[in-house]
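Spelled out, the chains give:
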Amino acid sequence: MDKLSLTEGLDFRKHIRKIIHVDMDAFYASVEALDHPELRYLPIAVGGSSKRGVVAAASYEARKFGVKSAMSGRLAARLCPDLIFVKPRFERYREISQQIRQIFFEYTDLVEPLSLDEAYLDVTSNKKELDSGTILAKGIRQKIKEKTGLNASAGISINKFLAKIASDINKPNGQKTIPPDEVLDFIKKLDVKKFHGVGKVTQEKMYQVGIFTGEDLHQRSLEELTSLFGKSGLHYYRVVRGVHLSAVTTDRMRKSLGAERTFNENISSEIYMIERLEHIAEEIHKRLKRHQLAGKTITLKIKYSDFKVQTRSKTLHYFISSKDLILEEAKQLLYQEPMKDSVRLLGISLTNFNINSPQKKIKASQLRLPF
């Protein structure tokens, strides 16, 4: 593909939509505090335990101590000695998530859920026939509060990339709008670590080559960015110019499906590992069947006793969904090389599914101002 086709349409004004990103504030922890008033204003960690578990979510009171999701329960308890661990209740979280999603559909049919607690909404055209995305977002947040008792934050801008960044700016219980005439100034002042999709490794690499802000990124050519970051270079080249072409998709394709287990005691016997993998494969099979999916790429995740994580993947020539085939492929990945240490967690995931996601296009003529 030539340079012209890669960079065409880089005037973001040709691709303006009205996108709202709604993100519930500390969702799991907030639900627990809602259902158990005695937990309100206390440091809560959902999931995990002080011994072996992992934190799934933390209240803002706990976050003040540095507790965050994906952190080991032991470390969380060390950071916050008064931390209260609460067992997750995913059925309850799904129930409230469905209530929130119904509110979204009162405003638009173009809703793309990302998880139980966040979603994109395209309100370029909307059921309320309002021109202002800012007013729509305020109404959505107010309705969520009235219906569920929970707080939500929102970001409003011309595309999904900017809306997601904006939703984090005035958290908790706030919103931020980035209108078209402020897009480029906003991006240029933004620290690259705030760019959605820039993880710690990429952030460090950018810092090492002198890219600290959107302004620094904007000054780099497509050739430089592609050389430094491969295929992602084109993405950075576009978004720093305000262009992000991804549409809100109502039938968002699941990118992966998996399950994992953390063990009460570290295990070193492959026989015991196979037993655990059998249970994980059974769970994945049930979920694949429920979603009518099959995948070609299988990944085995291994977390060792020193918390180092290793993944082993294999792409097949055919789709699989049965427990027996999943287990067989996982066993081959397990035997691929010797274990480096005893194991505290095993997981299996499938990707490269047998479905495609339709893209819904929004014409420029559908755009209604102001923001």
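Since the structure is predicted, the reported quantities are computational estimates derived from the model, not experimental observations. (Residues numbered from 1 in each chain as written. Predicted model: local features only at pLDDT ≥ 70, side-chain atom pairs only at ≥ 80, totals over all residues. Heavy atoms only, no water.)

Together, F65, L75 and L79 make up an exposed nonpolar region whose accessible area comes to about 240 Å². Here L75 shows up in helix 4 (residues 73-79). Judged by relative accessible area, which is 31%, L75 ranks as partly exposed. (Patch = residues over 30% accessible without salt bridge, like charges linked within 9 Å, V, L, I, M, F, W, Y side chains within 5 Å. Areas by Shrake-Rupley, 256 points an atom, 1.4 Å probe, with all protein chains shown as cover. Salt bridge = Lys/Arg side-chain N within 4 Å of Asp/Glu carboxyl O. Helix = DSSP H or I, 4+ residues; strand = E, 2+ residues; numbered from the N terminus. Buried < 20%, exposed > 50% of the residue type's maximum accessible area, 1.4 Å probe, protein only.)

Counted by the stated rule, this structure contains 1 cavity of 30 Å³ or more. Of the volumes computed, that of the largest cavity is approximately 80 Å³. Contributing elements (two or more residues each) for the lining of the largest cavity: strand 1 (19-24), helix 5 (90-105), strand 5 (111-115) and strand 6 (118-122). At 4 residues, the largest contribution of residues to the lining of the largest cavity is made by helix 5. Taken together, the residues of the lining of the largest cavity sort by class into 7 nonpolar, 2 polar and 3 charged. (1 Å grid on protein atoms, 1.4 Å probe; cavity = no way out; pocket = protein on both sides within 12 Å on 5 of 7 lines; lining within 4 Å. Points joined across faces, edges and corners; volume = space filled by probe spheres on them. Nonpolar A, V, L, I, M, F, W, Y, C, P; charged D, E, K, R; others polar.)

Here K171 and P172 are connected by a cis peptide whose omega angle stands at -5 degrees. With respect to the secondary-structure elements, P172 resides in the loop between helix 7 (160-167) and strand 8 (175-177). Its identity as a non-glycine residue notwithstanding, A26 has a phi of 45 degrees, on the positive side. Counting through the fold element by element, A26 comes out in the loop between strand 1 and helix 2 (27-35). The backbone of N352 sits at a positive phi, close to 60 degrees, despite the residue not being glycine.

The subject of this paragraph is the pairing of strand 12 (residues 343-353). For strand 12, a buried count of 8 out of 11 residues is recorded, marking the element as mostly surrounded by other parts of the structure. Strand direction decides the pairing type here: strand 9 (residues 256-267) and strand 12, joined by 8 bridges, are antiparallel. For S256, the partnering residue across the bridge sits in strand 12 and is T351. Relative to strand 12, strand 10 (residues 295-304) is paired through 9 bridges, and the arrangement is antiparallel. By the bridge assignment for strand 12, T297 is matched with T351. (Pairing = 2+ DSSP bridges.)

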